[in-house]
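Coordinate inspection notes
The residues making up each chain are set out below.
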Amino acid sequence: ELLAEQGQDAKAQAMMGNVGVIRFGQERYDDAEAAFVRALSMTANPDPSQLIKISRNLATVRQTLGKHALSASVLEALFATPLDWDPALKADTLALLADAYKKNELYSLAVAGYEEALGLYTGQDNKEKIALVSTNLGLCLSSLGRFGEAEPHLQKAIDLNTMLDNQLSLAESYSNLGLLY
């Protein structure tokens, strides 16, 4: 608050964001949420990197609290803001938004988010995240009754998890494919 009183809003915002991260690490999720909300309100023109970081953190803590609709609204507002995105961070944020949609059973919106994230991840050759997003995309397509479209994504997750020798994810991938049938 002293920083804000001295007109150093950007520093005050960063510090309050750090308080939220600490509270999250302490599993004090309600306190973390309050700190992130306060951090976002501390300046009318936040630094874009701080805006992305704090918004993502707020969305994450809200998902942890089961507030998936509120998580989605934070990320929708973030994407409505013109920003110069790092492709990896944009993909992660799209996947986070799609996760919130999936939890709210808004499968069509989740599919769109996962597809866009998958396109960005594929350009980065990030096999772990491609496998995870492919799984979630396949599950959402299946929930929409689009089984033929779901199968290749679930199979892709199996192939990648086999390549990565990720046994737990591989077992889950086979289970997900089995549920499709």
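Here the structure is a predicted model, which is why all the values come from computation and not from measurement. (Residues numbered from 1 in each chain as written. Predicted model: local features only at pLDDT ≥ 70, side-chain atom pairs only at ≥ 80, totals over all residues. Heavy atoms only, no water.)

Some thoughts on the packing of helix α2 (residues 9-25) against helix α4 (residues 48-64)
The description of two helices packed together rests on the angle between their axes and the distance between the axes. Between α2 and α4, the shortest axis-to-axis distance is 11 Å and the interhelical angle comes to 25°. When the axes of α2 and α4 are compared, the pair comes out roughly parallel. Note on packing geometry: the crossing formed by α2 with α4 is left-handed. Of the residues in α4, those in contact with Gln13, Ala14, Gly17, Asn18, Val21 and Phe24 of α2 are Gln50, Lys53, Ile54, Asn57, Thr60, Val61 and Thr64. In the contact of α2 with α4, the residues fall into five nonpolar, seven polar and one charged. (Axes fitted to C-alpha atoms, helices over the stretch in contact; angles between N-to-C directions. Helix = DSSP H or I, 4+ residues; strand = E, 2+ residues; numbered from the N terminus. Parallel < 35°, antiparallel > 145°, perpendicular 65-115°, else oblique. Left-handed = near helix turned anticlockwise from the far one by under 90°. Contact = heavy atoms within 4.5 Å. Nonpolar A, V, L, I, M, F, W, Y, C, P; charged D, E, K, R; others polar.)

What to know about unusual backbone geometry
Residue Glu105 is not a glycine yet carries a positive backbone phi of 60°. With respect to the element layout, Glu105 can be found in the loop between α6 (87-103) and α7 (107-124). With a relative accessible area of 57%, Glu105 lands in the exposed category. Look at Asp125: it is not a glycine, yet its phi comes out positive at around 60°. If you trace the backbone, Asp125 turns up in the loop between α7 and α8 (127-143). Judged by its relative accessible area of 51%, Asp125 is exposed. (Buried < 20%, exposed > 50% of the residue type's maximum accessible area, 1.4 Å probe, protein only.)

Quick notes on the pattern of salt bridges
Tallied over the full model, the rule gives seven salt bridges. The salt bridge partner of Asp31 is Arg28, with a shortest N-O separation of 2.9 Å. A salt bridge links Glu33 to Lys67; the shortest N-O distance between them is 2.8 Å. Taken together, the residues span a long stretch of sequence, with Glu33 in helix α3 (residues 29-40) and Lys67 in the loop between α4 and α5 (68-80) at a distance of 34 residues. Look at Lys67 and you get partly exposed, because its relative accessible area is 30%. Ionic contacts of the salt-bridge type, sharing partners, join the residues Glu33, Arg62 and Lys67 into one network. (Salt bridge = Lys/Arg side-chain N within 4 Å of Asp/Glu carboxyl O.)

So, α5
Over its 13 residues, α5 runs 18 Å from end to end, which matches the ideal 18 Å to within 8%, given 1.5 Å per residue. All of the buried residues along α5 are His68, Ser71, Ala72, Val74, Leu75 and Leu78. All buried residues of α5 project into a common sector of 160° when viewed along the axis, lining one side. Looking at the packing, one finds that the buried side of α5 touches α4 and α6. (Expected span 1.5 Å × (residues − 1). Arc of directions from axis to C-beta.)

Digging into the packing of α6 against α7
At a minimum axis separation of 8 Å, α6 and α7 run at an interaxial angle of 160°. When the axes of α6 and α7 are compared, the pair comes out roughly antiparallel. The handedness of the crossing between α6 and α7 comes out as left-handed. Residues Pro87, Ala88, Lys90, Ala91, Asp92, Leu94, Ala95, Ala98, Asp99, Tyr101 and Lys102 of α6 pack against Tyr107, Leu109, Ala110, Gly113, Tyr114, Glu116, Ala117, Leu120, Tyr121 and Gln124 of α7.

Here's the deal with the packing of aromatic side chains
Per the stated rule, a full pass over the model turns up two aromatic pairs. With a centroid separation of 5.0 Å and 25° between ring planes, the pair formed by Phe79 and Trp85 is classed as stacked. Residue Trp85 is classed as buried on the basis of its relative accessible area of 14%. (Phe/Tyr/Trp six-rings, centres within 6.5 Å; stacked < 30°, edge-to-face > 60°.)

Concerning the nonpolar core
Judged by nonpolar contacts, the single largest core of 35 residues is most densely connected at Leu75, Leu78, Leu83, Tyr114, Tyr121, Val133 and Leu137. Looking at this core, the elements with two or more residues in it are α4, α5, α6, α7, α8, α9 (147-164) and α10 (167-180). Ranked by residues supplied to this core, first place goes to α6 with eight residues. Residue contacts for Tyr114: discarding those within four places in its chain leaves Ala95, Ala98, Asp99, Lys102, Val133, Asn136, Leu137 and Cys140. If you look at the next biggest cluster of nonpolar residues, it comprises 11 residues, including Ala12, Met42, Ile54 and Val74. (Core = buried A, V, L, I, M, F, W, Y, C linked by side-chain atoms within 4.5 Å.)

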